[in-house]
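# Topology and contacts: notes
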Amino acid sequence: MSGIFISFEGPDGAGKTTALKTLMPLLQAKTDQEIVLSREPGGSPISEKIRKIILDIHDEEMDSRTEALLYAAARRQHLIDVILPTLKEDKIMLSDRFVDSSIAYQGGGREIGMSEVAEINDFAIDGHLPDLTIYFDVSPEVGLSRIRKDHEGAMDRLEKEAISFHNRVYDSYMQIVKDNPDRIKTIDAEQAPEKVVSDALNVITKQFPNIFNKGE
Ligand SMILES: Nc1ncnc2c1ncn2[C@@H]1O[C@H](COP(=O)(O)OP(=O)(O)OP(=O)(O)O)[C@@H](O)[C@H]1O
Ligand SMILES: Cc1cn([C@H]2C[C@H](O)[C@@H](COP(=O)(O)O)O2)c(=O)[nH]c1=O
């Protein structure tokens, strides 16, 4: 028995957080290994403090490279405080976002360069990549319309960016998915919520049949 690390990625409004609320208990029912759910940016006390700075709509003057470094710093602390200890205890680690978000949003969206941002994060994650990443595929238009419907007046600093930014994020995710066919599996996140959850559940249980086999 060993720990496994699964990350969930997608554009704003892809439905990851919503899906994980239903998916987590369904997965827990299929294994005796404890499941730990976390998120980025954040996931541990210091990382959550960094999250507040990054997402603050008043931090309009934040430089793009500063933003990339802050996300990477939050990720490093999250890795040390939560991810690695969880895996060491042979638990199952689920993270709502991880390194691919930085490559898509800061590398592509902010136009820093995907390889440059990947290099910053090599320093932060020290080779610790997820065993599986599920990419929630949704168009920027659909994702943003969901965000506006949900919290128009409380969008964070990234959500408030122009559609051109979100289109670059989407295109960057497409490239990341293409470059990582073994690690990243795509699901159609424009489906009804229950279908998104069942697709994610099927991908995970198929990938790890020896872990998620309780009750079969
Ligand atoms: N499959 C779906 N169909 C329609 N609406 C959805 C679906 N999944 C989630 N939503 C709605 O879309 C909004 C955003 O969902 P959610 O917060 O889960 O997205 P997210 O991927 O976590 O986005 P972000 O990364 O920006 O936080 C919510 O109002 C949620 O109710
Ligand atoms: C981890 C990470 C996230 N982002 C962006 C993506 C979202 O717009 C916000 C907050 O994420 P959430 O899913 O809404 O909680 O931050 C980013 O730009 N780079 C990253 O590394």
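Reading the values: rules and limits
Residues numbered from 1 in each chain as written. Chains lettered and ligands numbered in written order. Predicted model: local features only at pLDDT ≥ 70, side-chain atom pairs only at ≥ 80, totals over all residues. Heavy atoms only, no water. pLDDT = per-residue confidence, 0-100. Near = heavy atom within 4 Å. Polar contact = N/O pair within 3.5 Å; in protein donor to acceptor, adjacent residues only side chain to side chain. Helix = DSSP H or I, 4+ residues; strand = E, 2+ residues; numbered from the N terminus. UniProt positions renumbered as here; feature names shortened; annotations may be inferred. Buried < 20%, exposed > 50% of the residue type's maximum accessible area, 1.4 Å probe, protein only. Contact = heavy atoms within 4.5 Å. Areas by Shrake-Rupley, 256 points an atom, 1.4 Å probe, with all protein chains shown as cover. Nonpolar A, V, L, I, M, F, W, Y, C, P; charged D, E, K, R; others polar. Pairing = 2+ DSSP bridges. Axes fitted to C-alpha atoms, helices over the stretch in contact; angles between N-to-C directions. Expected span 1.5 Å × (residues − 1). Bend = angle between axes of the 7 residues up to and from the residue.

### Quick word on the confidence of the model for the protein
In this model, the protein carries a mean pLDDT of 96, and residues with pLDDT of at least 70 account for 100%. For this predicted complex, the interface confidence comes out at an ipTM of 0.97, alongside a pTM of 0.97.

### Observations regarding the site of ligand 1
In the vicinity of ligand 1 lie 16 residues, with G15, K16, T17, T18 and R97 positioned nearest. Note that an oxygen atom of ligand 1 is positioned 3.1 Å from one of the backbone N or O atoms of G13. Taking A14, its main chain carries an N or O atom lying 3.3 Å from an oxygen atom of ligand 1. Put simply, the parts of the chain that give the shell around ligand 1 at least two residues each are α1 (16–28) and α6 (140–151).

### Here we look at the UniProt feature "binding site: ATP" (unreviewed entry) in the protein
Here the UniProt-annotated "binding site: ATP" (unreviewed entry) positions come out as G10, P11, D12, G13, A14, G15, K16 and T17. Secondary-structure assignment places D12 in the loop between β1 (4–9) and α1. Tracing the sequence through the fold places K16 in helix α1. The exposure class of K16 is buried, given its relative accessible area of 7%. If we ignore the near neighbours within four places in the chain, the residues touching K16 are F8, E9, G10, D96, R97 and F136.

### Some points on the site of ligand 2
For ligand 2, the set of nearby residues contains 15 residues, the closest of which are D12, Y71, R97, S102 and Q106. One of the side-chain nitrogen or oxygen atoms of R51 is found 3.0 Å away from an oxygen atom of ligand 2. Taking 480 Å² as the accessible area of ligand 2 by itself, protein coverage stands at 93%. Only α2 (45–55), α3 (64–88) and α4 (99–109) provide two or more residues apiece to the shell around ligand 2. Considered class by class, the residues forming the shell around ligand 2 number 5 nonpolar, 3 polar and 7 charged.

### Some remarks on the UniProt feature "domain: Thymidylate kinase-like" (unreviewed entry) in the protein
Mapped onto this numbering, the UniProt entry gives "domain: Thymidylate kinase-like" (unreviewed entry) at residues 8–199. Note that residues 8–199 is 56% helix and 12% strand, and that its end C-alpha atoms are spaced 13 Å apart.

### Some remarks on the sheet that holds strand β2 (residues 35–39)
Sheet strands line up and pair through hydrogen bonds in the backbone, either parallel or antiparallel. The parallel open sheet is built from 5 strands, whose spatial order is β2-β3-β1-β4-β5. What marks the edges here is a single partner per strand, and that holds for β2 and β5 (184–188). The average undirected angle you get between the axes of adjacent strands in this sheet is 20 degrees.

### A short note on α1
An ideal rise of 1.5 Å per residue puts 18 Å on 13 residues; α1 measures up with 17 Å between its terminal C-alpha atoms. The principal kink in α1, of about 30 degrees, is found at T22, preceding the proline P25 by one to four residues. Residues of α1 that are buried include every one of K16, A19, L20, L23 and L27, and no others.

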